[in-house]
Amino acid sequence: MALDAFQNTFAGNPLNRASERRGDAAWLAEKLAASDSLGLAVWNGRPLVETGKDGGVQIAYLRADMARELADNGWERLLFMGLWNETAVFAVDLEGGVDPADGPLQGLGRFEDLRAIALRLPPADAGILATAKSMFEWRRRHRFCAACGQPSEVAEGGWKRVCPSCNAEHFPRTDPVVIMLPVHGDRCMVGRGAAWPKGMFSALAGFLEPGESIEEACARELFEEAGLRATSVRYHSTQPWPYPSSLMIGLIAQVDGDQATPDQTELAEVRWFTRAEARDLLAGKVEGVGAPTLMAIAAQLIKAWAEEAD
Ligand SMILES: [Zn+2]
């Protein structure tokens, strides 16, 4: 597919990651101190944002040296995000129970839940914040060496952790998840997760396991959760999903029948919809049945199939 053919929410981070500069400590220090470098703040996973000119929401940038001070002048809670043209962009990870917008960041913005504001952000900002959030979630979960258990140390502008005890290097994770819309004849199937609210339906999903291809994982999940046999699998798009660090791999799967048997462990019930009904579902016009918003790749899969010609 063409690179600009389709972009899910949280994809499209426009920064030049400049990975070749990450190991240059002197350059990073110089950029951190430069008055034209930018910083963005994340507090307990919530980004600092402000109201944009168009009434939407946008990243509330700080000066990079302020981000550095908030990180106590160390790299543990700092991340080099990359370059916007020649401007270096850094992120700082803030934790704790007291809202920094009531303290050192007073008057500079407000911290909001990324998922709640995702569709009101410019797509570029959503992509930048998804990157920062995933990286900080990784850092928070990987402070100790997975090989020997000793505390690890940050390196490469935040993009690597190194164990001073056994020299093991640890890199940020991305966990692949297959998410698929089963279709049979002129209908697609959505399911309600066993833990979801009544009436909430979406595509089916599951983690890719070691030793599996994407299409094998898709077929396995469809059979395990719904008793459906996939006959072919079509790729639609992917979505970085920073909760904490998944990559959602969106698929449309042909199945050989419509007799689903929800496993009741992960999948509680299913519904089949024609294309017209699926369009109504996304528009919120099906009584008693809800679907995800278009922020989620699940909704984009349903939309893509529902808008195809019969
Ligand atoms: Zn170690």
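Everything below is about the structure shown above.
In this convention, every chain numbers its residues from 1, walking through the sequence in written order. Totals for whole chains, interfaces and linings use every residue, but because this is a predicted model, local features are given only for residues with pLDDT of at least 70 and side-chain atom pairs only at 80 or more, for both listing and counting. Side-chain figures throughout are based on the complete set of non-hydrogen atoms in the structure, without hydrogens or water.

Section: the overall build of the protein chain
Item 1. The helix count covers DSSP runs of H or I at least four residues long, the strand count covers runs of E at least two residues long, and both are numbered beginning at the N terminus. A count of helices and strands for the protein chain gives 7 helices and 16 strands.
Item 2. Since a compact globule built from 310 residues should have a radius of gyration of about 19 Å, the 22 Å found for the protein chain is in line with a globular shape.
Item 3. Classification of the 310 residues of the protein chain by burial places 47% in the buried group.
Item 4. Taking the average location of the 31 positive side-chain charges in the protein chain and that of its 43 negative ones, the two points are 2 Å from each other. Each radius of gyration reported is based on C-alpha atoms, and the globular scaling rule is 2.2 Å times the count of residues to the power 0.38. Exposure is judged per residue with a 1.4 Å probe applied to protein chains only, and the accessible area is read against the type maximum: over 50% gives exposed, under 20% gives buried, and values in between give partly exposed. The convention is simple: Lys and Arg are positive, Asp and Glu are negative, and His and the chain ends are not counted. Charge placement uses NZ in Lys and CZ in Arg. For Asp and Glu, CG and CD serve respectively.

Let's talk about the coordination of the zinc ion
Item 1. Note: metal donors comprise N, O and S atoms at 2.8 Å or less from the metal (3.2 Å for Na, K and Ca); water molecules are not included, so apparent gaps in a site are possible. Looking at the zinc ion, the protein donor atoms are Cys 145 (SG), Cys 148 (SG), Cys 163 (SG) and Cys 166 (SG), and they sit 2.3 to 2.4 Å from it.
Item 2. A four-donor site is classed as tetrahedral when every donor-metal-donor angle falls between 85 and 135 degrees; four donors are called square planar, and six octahedral, when trans pairs exceed 155 degrees and all remaining angles lie between 65 and 115, with any other arrangement labelled irregular. Coordination at the zinc ion is tetrahedral: its 4 donor atoms span angles of 101 to 117° at the metal.

As for helix α6 (residues 275-282)
Item 1. Looking at α6, one finds that the buried residues are Arg 275, Ala 278 and Leu 281. Seen end-on, α6 carries its buried residues on one side only, within an arc spanning 110°.
Item 2. In what follows, a contact means two residues having at least one pair of non-hydrogen atoms within 4.5 Å. Where α6 is buried, its residues meet β12 (187-193), β16 (267-274) and α7 (297-306).
Item 3. One or two positions beyond α6, positive phi appears at Gly 284, with a value near 75°. Taken from the helix axis, the directions to the C-beta atoms give the arc we talk about.

Things to note about unusual backbone geometry
Item 1. With an omega of -5°, the peptide bond between Tyr 243 and Pro 244 qualifies as cis.
Item 2. Mapped onto the fold, Pro 244 is located in the loop between β14 (230-241) and β15 (246-255).
Item 3. A positive phi angle, near 70°, is found at Asn 167, a position not held by glycine.
Item 4. As for its position among the elements, Asn 167 is in the loop between β9 (160-162) and β10 (169-170).

Some thoughts on empty space enclosed by the protein
Item 1. Note on definitions: the grid is 1 Å and covers protein atoms alone; a cavity is a set of points where a 1.4 Å probe fits but cannot get out; a pocket is an open set with protein on both sides within 12 Å along at least five of seven lines; lining residues have an atom within 4 Å of a point. Grid points are joined across faces, edges and corners, and a volume is the space filled by probe spheres set on the points. In the structure shown here, the tally under the stated rule is 1 cavity of 30 Å³ or more.
Item 2. Of the pockets and cavities examined, the largest cavity occupies roughly 40 Å³.
Item 3. Residue lining of the largest cavity: Leu 78, Leu 79, Met 135, Phe 136, Arg 139, Val 154 and Gly 158, and that is the complete set.
Item 4. The element best represented in the lining of the largest cavity is helix α4 (residues 123-141), accounting for 3 residues.
Item 5. Side-chain classes are defined by residue name, with Ala, Val, Leu, Ile, Met, Phe, Trp, Tyr, Cys and Pro counting as nonpolar, Asp, Glu, Lys and Arg as charged, and the others, Gly among them, as polar. Class assignment of the residues belonging to the lining of the largest cavity gives a composition of 5 nonpolar, 1 polar and 1 charged.

Overview of the packing of aromatic side chains
Item 1. Stacked, edge-to-face and tilted are the three classes for Phe, Tyr and Trp ring pairs, Trp counted by its six-membered ring, which pair at centre distances within 6.5 Å; planes under 30 degrees apart are stacked, over 60 edge-to-face, the rest tilted. All told, the structure shown has 6 aromatic pairs when counted by the stated rule.
Item 2. Between Trp 27 and Phe 80, the aromatic rings sit 5.5 Å apart at their centres with planes inclined by 85°, giving edge-to-face as the arrangement. One end of the pair, Trp 27, is in helix α1 (residues 25-33); the other, Phe 80, is in strand β5 (residues 78-84), and 53 residues separate them in sequence. Each member of the pair, Trp 27 as well as Phe 80, carries the same accessibility label: buried.
Item 3. Ring pairs connect the aromatic residues Trp 27, Trp 75, Phe 80 and Phe 90, which therefore count as one cluster.
Item 4. Ring-over charges, as used throughout, are those where CZ of Arg or NZ of Lys falls within 6 Å of the ring centre and within 35 degrees of the ring normal. Lying across the ring of Tyr 243, Arg 115 places its NZ or CZ 5.5 Å from the centre.

Considerations on the sheet that holds β10
Item 1. For two strands to be treated as a pair, DSSP must find at least two bridges joining them. Pairing is antiparallel in the open sheet, where 3 strands are placed in the order β8-β9-β10. What marks the edges here is a single partner per strand, and that holds for β8 (153-155) and β10.
Item 2. In this structure, β9 lies alongside β10, joined through 2 bridges in antiparallel fashion. Across the sheet, residue Arg 161 finds its bridge partner in β10, namely His 170.

Observations concerning the environment of Ala 41
Item 1. You can see Ala 41 is positioned in strand β1 (residues 38-43).
Item 2. In this view, Ala 41 contacts Arg 46, Pro 47, Leu 48, Leu 62, Val 92, Leu 94, Leu 105 and Phe 111; residues no more than four positions away in its chain are not counted.

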